[in-house]
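Overview (structure and organization)
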Amino acid sequence: MNTDKVEGKFDQVAGKIKQGVGEAVGNQKLANAGAAEQIKGAAKETWGNAKDTANVVHEDTRARATSASEDLKYRTDDSAHNVRDKVTNTAQNIKNRVNEKLDDMKRDHRS
């Protein structure tokens, strides 16, 4: 487990606590800050997962490339490309979903 994942989990817990305290005492600013910290933590944890995945893919790709024929190297490179595409597409989708939720929160709190 890398530091981004640990920090992300910590930020999520801290944000949940802040949000709960803010809601309990009627402090909307604190509750909103807590929600934002949860979102930040989720993004950081996801980034840590993406880094772990990239490291696993990288190590797997290197091991396969050094121990296999050109045919295997071609298939591995193709597979790594597909995994990278999936990881980057997933990251983009997550970013879009998080931004939509943030925009919803902004709209809810501006109305």
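Predicted, not measured: the structure shown is a model, and the values here were computed from it.

Looking only at helices and strands, the protein chain has three helices and zero strands in total. In sequence order, the protein chain lays out its α and β elements as α-α-α. Its C-alpha radius of gyration of 20 Å places the protein chain more than 25% over the 13 Å reference for a compact globule of 111 residues. Dimensions of the protein chain, computed from C-alpha atoms along their principal axes, come out at roughly 65 × 30 × 10 Å. Expressed as a percentage of contacts within the protein chain between residues at least 6 apart in sequence, the contacts between residues at least 24 apart total 56%. For the protein chain, the accessible area works out to roughly 8,000 Å², and carbon and sulfur atoms hold 54% of it.

On to the environment of alanine 43, then. With respect to the helices and strands, alanine 43 occurs in helix α2 (residues 28-67). Between the alpha carbons of alanine 43 and valine 98 there is a distance of 8.4 Å; along the sequence they are 55 residues apart.

Time to look at the pattern of salt bridges. By the definition in use, this model includes nine salt bridges. Residues lysine 44 and glutamate 7 are paired through a salt bridge, measuring 3.4 Å at the closest nitrogen-oxygen approach. In this pair, lysine 44 sits in helix α2 while glutamate 7 sits in helix α1 (residues 3-25), placing the two residues 37 residues apart along the sequence. Linking aspartate 11 and lysine 40 is a salt bridge whose minimum nitrogen-to-oxygen distance equals 3.9 Å. In this pair, aspartate 11 sits in helix α1 while lysine 40 sits in helix α2, placing the two residues 29 residues apart along the sequence. Among the charged side chains, a network of salt bridges with common partners joins Glu7, Asp11, Lys40 and Lys44.

Looking now at α1. Each α-helix winds once per 3.6 residues, and so residues spaced three or four apart point in a common direction. Taking 1.5 Å of rise per residue, 23 residues should cover 33 Å, and α1 covers 32 Å from first to last C-alpha, within 8% of that figure. Taken together, the buried positions of α1 are occupied by Asp4, Lys5, Gly8, Asp11, Ala14, Gly15 and Gly22. Along its buried surface, α1 packs onto α2. Capping of α1 at its N-terminal end is provided by asparagine 2; its side-chain oxygen lies 3.0 Å from the backbone amide nitrogen of aspartate 4. Backbone geometry just downstream of α1 places glycine 26 in the positive-phi region, at approximately 75°.

What counts and what doesn't
- Residues numbered from 1 in each chain as written.
- Predicted model: local features only at pLDDT ≥ 70, side-chain atom pairs only at ≥ 80, totals over all residues.
- Heavy atoms only, no water.
- Helix = DSSP H or I, 4+ residues; strand = E, 2+ residues; numbered from the N terminus.
- Rg over C-alpha atoms; globule rule 2.2 N^0.38 Å.
- Contact = heavy atoms within 4.5 Å.
- Areas by Shrake-Rupley, 256 points an atom, 1.4 Å probe, with all protein chains shown as cover.
- Salt bridge = Lys/Arg side-chain N within 4 Å of Asp/Glu carboxyl O.
- Expected span 1.5 Å × (residues − 1).
- Buried < 20%, exposed > 50% of the residue type's maximum accessible area, 1.4 Å probe, protein only.
- Polar contact = N/O pair within 3.5 Å; in protein donor to acceptor, adjacent residues only side chain to side chain.

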